[in-house]
Amino acid sequence: MSNGALSGLRLIEMGQLIAGPFCGQLMGDHGAEVIKVEPPKVGDAMRNWGQGIPLWFSVVGRNKKSITLNLREKEGQKIVRQLVAKADFLLENFRPGTLERWELGWDDLSAINEALIMIRVSGYGQTGPYSPRAGYGGIGEAMGGMRYIAGEPDRPPSRAGLSIGDSLAATYACLGALMALNHRHKTGKGQVVDSAIYEAVLAMMESTVPEYTVTGHIRERTGSILPKIAPSNVYPTQDGSVLVAGNQDSVWKRMATMMGMAELGDDPRYNSHVARGENQVQLDDMIGEWTKLHTSQQVLNLCEEHGVPAGNIYRAPEMLEDPHFAAREAIIERPHPTYDNFKMQNVAPKLSDTPGDVQWVGPDLGQHNEEIYGELLGMDSATRSDLEDRGII
């Protein structure tokens, strides 16, 4: 991929599901050559995940080259070492200790290629007493503090509806890999990027820890509001609901004028951030009574006119109809070997000179065996056939 900022870099992806492969997706979107290593015949379990029809792999596997390789066999491990000698990054999300048992740990691989950057994503990190435990994104979200504060106050902790923990750990892994790449530019040497799911979630937890250590306060579940930050909520309308955020002093004054209640902009109950937070329930009730007199579009139009941040709560249909999404090509369509009308999110973020691209959807299992084994590693067809017959590739 010539138009990506990471073009010319090669990443070997040895992992499955989300926490590792989403990092590979991000890097592939921006031009890295991503060689995805999958078990022969079965592949990444993500190939079978989805809401009814398994479509997820087509997204998280996009821009990747799929090869099949049995990592549990000595001959498979030997081939990994050959790939590593020609790679910039190795990405994995096995349980810590697995690669070391296969003699594919950092000490083994860095001896082959001192410039290698090894990206390791796991539930609890590569060190510490919990390191050997199996870890999924939901557990990391719970331990990192996110699950406790998600949901309604009168119900058990909820989840966001997406695999946020896995995706956060993968995003931090990608960030760490690029930091390590910059260090390599200076020193010529690679290093290990250790991204733990629970720490990736913890990194997003704002000031929850010092709130407890300094004041003894523990944040609780608060549903759709941000406690003491008002107005910022979902408000009912004649035909649905809208999210309005007028929680800055100057924005609140504009919002009060917009509602025909300009005097509330200077009302001591609402004229400061602290005052609005103390009177959050009354303020939200009052705004809700006003929004119910209007359609959602009327509220949005008024908010735009008065400079008050507001928006609809979108699902896929609304995204596909929105002209802003279309203008920025936030959703793209790519050919799919099985399904028509295959649309998905575009590359993010957008770079002005090297924007990246989605060249193809997730590949068939082993689709690139001939290219990688034959062209990159110089393996002849007879050797490939023998390895395939014996279940190595």
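Residues numbered from 1 in each chain as written. Predicted model: local features only at pLDDT ≥ 70, side-chain atom pairs only at ≥ 80, totals over all residues. Heavy atoms only, no water.

A. Structural context of the nonpolar core. Among the nonpolar cores identified, the biggest contains 28 residues, and Leu 11, Cys 23, Met 27, Phe 89, Ile 117 and Ile 119 are the most heavily contacted of them. Those elements that place two or more of their residues in this core are helix 1 (21-29), strand 4 (89-92), strand 5 (117-122), helix 7 (164-187) and helix 8 (197-202). Sort the elements by how many residues they give to this core and helix 7 lands first, with eight residues. Residues Met 14, Ile 67, Leu 99 and Leu 109 belong to the second largest nonpolar core, which totals 27 residues. (Core = buried A, V, L, I, M, F, W, Y, C linked by side-chain atoms within 4.5 Å. Buried < 20%, exposed > 50% of the residue type's maximum accessible area, 1.4 Å probe, protein only. Helix = DSSP H or I, 4+ residues; strand = E, 2+ residues; numbered from the N terminus.)

B. Broad picture of the layout of surface pockets. In this structure, the largest pocket encloses a volume near 1400 Å³. Lining the largest pocket are 36 residues; nearest its centre among them are Trp 56, Val 59, Leu 162, Met 344 and Gln 345. Of all the secondary structure elements, the ones that give two or more residues to the lining of the largest pocket are helix 1, helix 2 (56-60), helix 7, helix 14 (316-321) and strand 11 (343-345). The leading source of residues in the lining of the largest pocket is helix 1, at four residues. There is about 860 Å³ of room inside the second largest pocket. For the lining of the second largest pocket, the elements supplying multiple residues, two or more each, are strand 2 (33-38), strand 5 and helix 6 (137-143). Examining the composition of the lining of the second largest pocket, we find that three residues originate from one element, helix 6, more than from any other. The residue inventory of the lining of the second largest pocket, partitioned by class, reads 17 nonpolar, 13 polar and eight charged. (1 Å grid on protein atoms, 1.4 Å probe; cavity = no way out; pocket = protein on both sides within 12 Å on 5 of 7 lines; lining within 4 Å. Points joined across faces, edges and corners; volume = space filled by probe spheres on them. Nonpolar A, V, L, I, M, F, W, Y, C, P; charged D, E, K, R; others polar.)

C. Structural context of helix 3 (residues 74-84). Turning to helix 3, its buried residues are Gly 76, Gln 77, Ile 79, Val 80, Leu 83 and Val 84. Angular distribution of buried residues about the axis of helix 3 spans 155 degrees; they occupy a single face of the element. Across helix 3 from its buried face, at more than 90 degrees, point the exposed residues Lys 74 and Lys 78. Looking at the buried positions of helix 3, the neighbouring elements they touch are strand 1 (10-14), strand 3 (64-68), strand 4, helix 5 (106-112), helix 16 (369-376) and helix 17 (381-389). (Arc of directions from axis to C-beta. Contact = heavy atoms within 4.5 Å.)

D. Structural view of helix 10 (residues 249-258). For helix 10, every residue scored as buried is listed here: Val 251, Trp 252, Met 255, Ala 256 and Met 258. Within helix 10, the buried residues cover an arc of 155 degrees as seen down the axis, which keeps them to one side. Contacts from the buried residues of helix 10 go to strand 8 (240-245), helix 11 (273-278), helix 12 (280-291) and helix 13 (296-306). Downstream of helix 10 by a residue or two, Gly 260 has a phi angle that is positive, lying close to 80 degrees.

E. Quick peek at a nonpolar patch on the surface. A contiguous nonpolar patch, built from Tyr 130, Tyr 136, Ile 139 and Met 143 and spanning about 440 Å² of accessible area, is present on the exposed surface. You can see Tyr 136 is positioned in the loop between strand 5 and helix 6. (Patch = residues over 30% accessible without salt bridge, like charges linked within 9 Å, V, L, I, M, F, W, Y side chains within 5 Å. Areas by Shrake-Rupley, 256 points an atom, 1.4 Å probe, with all protein chains shown as cover. Salt bridge = Lys/Arg side-chain N within 4 Å of Asp/Glu carboxyl O.)

F. Representation of the sheet that holds strand 9 (residues 310-311). Taking strand neighbours across the sheet as the criterion, the three strands line up as 7-8-9 in an open arrangement whose pairing is antiparallel. The open sheet has two edge strands with one neighbour each: strand 7 (232-237) and strand 9. Relative to strand 9, strand 8 runs antiparallel, the two being bridged by two bridges. By the bridge assignment, Leu 243 is partnered in strand 9 with Gly 311. (Pairing = 2+ DSSP bridges.)

G. A look at the state of the cysteines. Scanning all chains against the criterion turns up zero disulfides. You can see Cys 174 has no disulfide; the closest cysteine sulfur is in Cys 23, sitting 4.9 Å from it. (Disulfide = S-S within 2.5 Å.)

H. Expanded view of unusual backbone geometry. Cis geometry marks the peptide bond from Ala 230 to Pro 231, where omega comes out at -5 degrees. Look at the link from Ala 348 to Pro 349: it is a cis peptide, with omega at -5 degrees. In this fold, Pro 349 is placed in the loop between strand 11 and helix 16. The phi angle at Asn 63 is positive, at roughly 65 degrees, despite the residue not being glycine. Secondary-structure assignment places Asn 63 in the loop between helix 2 and strand 3. Look at Asn 63 and you get buried, because its relative accessible area is 5%. Residue Glu 329 is not a glycine yet carries a positive backbone phi of 50 degrees. Summarising the element assignment, Glu 329 is placed in the loop between helix 15 (323-327) and strand 10 (331-333). Judged by relative accessible area, which is 53%, Glu 329 ranks as exposed.

I. Seen up close, the packing of aromatic side chains. In the structure shown here, the tally under the stated rule is six aromatic pairs. For the ring pair Tyr 124 and Tyr 198, a centre distance of 6.3 Å and an interplane angle of 40 degrees mean the geometry is tilted. Separated by 74 residues along the polypeptide, Tyr 124 in the loop between strand 5 and helix 6 and Tyr 198 in helix 8 bring together distant segments of the chain. Residue classification places Tyr 124 among the buried residues on the basis of a relative accessible area of 10%. Relative accessible area serves as the criterion here: at 23%, Tyr 198 is assigned to the partly exposed category. Look at Tyr 314 and Phe 325: their rings are 5.9 Å apart centre to centre, the planes differ by 50 degrees, and that puts the pair in the tilted class. Here the residue Tyr 314 occupies a position in the loop between strand 9 and helix 14, and Phe 325 occupies one in helix 15, the gap between them amounting to 11 residues. An aromatic cluster is defined as three or more aromatic residues linked by ring pairs; in this entry it consists of Tyr 124, Tyr 130 and Tyr 198. The ring of Tyr 130 carries the charged tip of Arg 133 above its face, separated from the ring centre by 3.8 Å. Residue placement shows Arg 221 over the ring face of Tyr 148; its charged tip is 5.1 Å from the ring centre. (Phe/Tyr/Trp six-rings, centres within 6.5 Å; stacked < 30°, edge-to-face > 60°. Lys NZ or Arg CZ within 6 Å of the ring centre and 35° of its normal.)

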